[in-house]
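The chain contents come next:
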Amino acid sequence: MTTSVLTPIQHKDKIAKYVLNFMHLLVLVLSVGLIVYISIDTFEDVQFLENKNYMTFQLWVCIVFIFDFFVEMIFAPDKWRYVRNRLAFLILSIPYLNLLPVMTMFHVTPDVLFFLRFIPLCRGALALSIVMGYVSSNAVSSLFASYIVIMLMVTYFGSLIFFQREHGVNPQVETYWSALWWAFMNMATVGCYINPTTVAGKIVAVILPIAGMIIFPLFTVYLTSYVQRHARIAEHKAEAAEKQSQTPSTDSTPSTE
């Protein structure tokens, strides 16, 4: 028996694969944990700046996100290209809420504070979309799955923001389900009978339709690609069946006495 010996390059690639897979899984778990944490605090009306457990958890999540960025940069074949393409990931990983005590020169309104809370969630949503893209079978399906995740995350985050800022102020928002319905209707660019009254609600009311106009046309692109792909497969099968039917059968020749 011969045992294959890995070259130094192959050994390095194997280590990089294990490390990157572990970091991607860790980022995915922390992203889901952050979404759950913020959802519970929003539904229970917990003031996040006064919640030391949440602030500590968010700080460590952001530290892991930043660490993941530099780990991927180390293993990237073209580091400058990686930095250019993933710089937004690094910016979204900065723990802005934890840095506020040392940024005394900036006056931050409560609405801005609430939006800053969702910045790490944007990083988590990007991580979820990338993971969904990895499990897809082809490039079009990968892009479609990524945008589906982004659409759902934007809708959900928008509903959380709208509910937290409008509930108790806007009589039309009695429960979270009203806020979720409002977010889905605005993402679908249909509109809703609920009108925002707060600054944060009005900002979300602008963001959601814009995101919907960007994302929903991708459904048309995906369906067109899906139909064309299966039409080509059916055409190739029909051509193969036709060629096979036209090929003379190679039966055994009759034996001569």
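Preceding this section is the structure that the text describes.
Predicted, not measured: the structure shown is a model, and the values here were computed from it.

## Topic: the nonpolar core
So, step 1. Counting residues in hydrophobic clusters, the biggest one holds 42 residues, and the most contacted among them are Ile 38, Phe 118, Leu 121, Phe 157 and Trp 182.
So, step 2. At the level of secondary structure, the elements contributing two or more residues to this core comprise α1 (8-43), α2 (52-75), α5 (110-117), α6 (119-134), α7 (139-166), α8 (176-187) and α9 (199-215).
So, step 3. Among the elements that take part in this core, α7 stands out by supplying eight residues, more than any other.
So, step 4. Residue contacts for Phe 157: discarding those within four places in its chain leaves Ile 35, Phe 118, Leu 121 and Ala 125.

## Regarding the packing of α9 against helix α10 (residues 217-246)
So, step 1. At a minimum axis separation of 4 Å, α9 and α10 run at an interaxial angle of 15 degrees. Taken together, the axes of α9 and α10 are roughly parallel relative to one another. From α9, Gly 212, Met 213, Ile 214 and Ile 215 reach across to α10, where they touch Pro 217, Leu 218 and Phe 219.
So, step 2. Taken together, the residues that form the contact of α9 with α10 break down as six nonpolar, one polar and no charged.

## Focus on the side chain of Ser 39
So, step 1. Of note, Ser 39 is situated in helix α1.
So, step 2. Classification of Ser 39 by relative accessible area gives buried; the value is 7%.
So, step 3. Here the side chain of Ser 39 touches Tyr 156 through a polar contact of 2.5 Å, side chain to side chain.
So, step 4. In this view, Ser 39 contacts Tyr 156 and Leu 160; residues no more than four positions away in its chain are not counted.

## Focus on the pattern of salt bridges
Here the idea is simple: oppositely charged side chains can pair when their charged atoms come close.
So, step 1. In total, this model carries one salt bridge according to the counting rule given.
So, step 2. Across the pair Arg 86 and Glu 72 runs a salt bridge, and its minimum N-O distance is 3.4 Å. You can see Arg 86 sitting in helix α3 (residues 79-92) and its partner Glu 72 sitting in helix α2, a full 14 residues away along the chain.

## Quick look at the environment of His 167
So, step 1. Its location among the elements puts His 167 in the loop between α7 and α8.
So, step 2. For His 167, a relative accessible area of 38% gives the class partly exposed.
So, step 3. In the structure, His 167 is positioned 12 residues away from Ala 179 in sequence and 8.7 Å away in space, judged by C-alpha atoms.
So, step 4. A distance of 3.2 Å separates a polar side-chain atom of His 167 from the backbone oxygen of Val 173.

## Quick look at a nonpolar patch on the surface
So, step 1. A cluster of nonpolar side chains, Val 206, Ile 210, Met 213 and Ile 214, forms an exposed patch at the surface whose accessible area comes to about 400 Å².
So, step 2. Along the polypeptide, Ile 210 turns up in helix α9.
So, step 3. Note on Ile 210: relative accessible area 42%, which makes it partly exposed.

Rules used in this analysis
- Residues numbered from 1 in each chain as written.
- Predicted model: local features only at pLDDT ≥ 70, side-chain atom pairs only at ≥ 80, totals over all residues.
- Heavy atoms only, no water.
- Core = buried A, V, L, I, M, F, W, Y, C linked by side-chain atoms within 4.5 Å.
- Buried < 20%, exposed > 50% of the residue type's maximum accessible area, 1.4 Å probe, protein only.
- Helix = DSSP H or I, 4+ residues; strand = E, 2+ residues; numbered from the N terminus.
- Contact = heavy atoms within 4.5 Å.
- Axes fitted to C-alpha atoms, helices over the stretch in contact; angles between N-to-C directions.
- Parallel < 35°, antiparallel > 145°, perpendicular 65-115°, else oblique.
- Nonpolar A, V, L, I, M, F, W, Y, C, P; charged D, E, K, R; others polar.
- Polar contact = N/O pair within 3.5 Å; in protein donor to acceptor, adjacent residues only side chain to side chain.
- Salt bridge = Lys/Arg side-chain N within 4 Å of Asp/Glu carboxyl O.
- Patch = residues over 30% accessible without salt bridge, like charges linked within 9 Å, V, L, I, M, F, W, Y side chains within 5 Å.
- Areas by Shrake-Rupley, 256 points an atom, 1.4 Å probe, with all protein chains shown as cover.

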